[in-house]
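Examining the three-dimensional arrangement
Here are the chains, one letter per residue:
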Amino acid sequence: MGETAQDLDLAFLDMSGTLFHDNGIVERAFERTAAGLGVDPGSARFRQMLDHLRGSPGQSRAGALEQLFAAEPDRARRAVRDFERHLDDLLAAEGVCPVEGAEQAVAQLRAAGLRVCLATGHNRHSMNTLLEQLGWTGLADLSLCPSDAGRGRPWPDMVLTAVLALDLGDVRRVMVVGDTAADMQAGRRAGSAAVVGVRTGAHPADALRAAGAHVVVDSVRDLPGLLRAPAALRR
């Protein structure tokens, strides 16, 4: 085991954009949700709402929807319910596509002695559906969504919840990995000593670095290599 593996106890891995591609189903679920609430998908209002959703990747989906309808609490609650229903329908009909080599990378991290937590901004039901569909139910030691922790990213709650749930002693021994600025911010706010961005998802390398990434790699497939190159995480 390399020096970095000895210095780390946990790999906290974002899912969408890091471990799988959602094939656009999140935006399509939102379009159906907005249309059901009377927002014309061809309107300027819809485009503004979609821009907001696109600007909050990595964060709680429910939280992003609640922000859009903050002035109308009843519509906000309906938006969350409808979005989750439409997302589940699309997951059942189409599914998602794993990032090449993602499952093998997780297995290699665990073989190196790290515990692994998978994290998402979706609700627990959708997360379980994703894990079952991908055949990843037993892939990791733990899986978390915002409702398990209190708040989603960019807050540190899920990272800290993983440390507590797995009875680990030091959040600095956690490697936080994701494709969004919110992932990087959550890792930094939690105090993780290894915050890693990947280029397979929402945000480019410069945005990930600006948000606090210690290092940016092409894909989750590169994570096991970081365990053999500890200097890469100290840039």
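Parameters and conventions
- Each chain carries its own residue numbering, running from 1 in the written order of its sequence.
- In keeping with the predicted nature of the model, local features appear solely for residues at pLDDT of at least 70, side-chain atom pairs appear and are counted solely at 80 or more, and the whole-chain, interface and lining totals rest on all residues.
- Hydrogens and waters are ignored; side-chain quantities use all the structure's heavy atoms.
- Secondary structure elements follow DSSP: runs of H or I no shorter than four residues count as helices, runs of E no shorter than two count as strands, and numbering proceeds from the N terminus.
- For a compact globule the rule gives 2.2 Å times the number of residues to the power 0.38, and the radius of gyration it is set against comes from C-alpha atoms.
- Buried residues are those whose accessible area, probed at 1.4 Å on protein chains only, stays under 20% of the maximum for their type, while exposed residues exceed 50% and partly exposed ones sit between those limits.
- We call two residues contacting when some pair of their heavy atoms lies within 4.5 Å.
- For the accessible areas, the method is Shrake-Rupley and the probe is 1.4 Å, while residue cover comes only from the protein chains on display.
- Under the convention used here, Asp and Glu are negative, Lys and Arg are positive, and both His and the chain ends fall outside the count.
- All charge positions are set by atom: Lys at NZ, Arg at CZ, Asp at CG, Glu at CD.
- For the purposes of these results, a polar contact is taken to be a pair of N or O atoms within 3.5 Å, where, inside protein, one atom must be able to donate a hydrogen and its partner to accept one; residues adjacent in sequence count only when each atom of the pair is a side-chain atom.

When you go through the protein chain residue by residue, the secondary structure sums to twelve helices and eight strands. Relative to the compact-globule value of 18 Å for 235 residues, the protein chain shows a C-alpha radius of gyration of 17 Å, a close match. Summarising its shape, the C-alpha atoms of the protein chain cover approximately 55 × 35 × 30 Å along the three principal directions. Residues counted as buried form 54% of the 235 residues belonging to the protein chain. Here the analysis covers contacts within the protein chain between residues at least 6 apart in sequence; of these, 64% occur between residues at least 24 apart. Here the protein chain displays about 10100 Å² of accessible surface, and carbon together with sulfur accounts for 47% of that area. Charged side chains in the protein chain number 26 positive and 30 negative. The centres of these two groups are separated by 3 Å.

So, about the side chain of Asp14. Looking at the secondary structure, you find Asp14 in strand 1 (residues 10-14). Classification of Asp14 by relative accessible area gives buried; the value is 3%. Separated by 2.7 Å, the side chains of Asp14 and Thr18 make a polar contact. There is a polar contact of 3.0 Å between the side chain of Asp14 and the side chain of Arg153. With residues up to four places along the chain from it excluded, the contact list for Asp14 reads Leu19, Ala119, Arg153, Val177, Gly178, Asp179 and Asp183.

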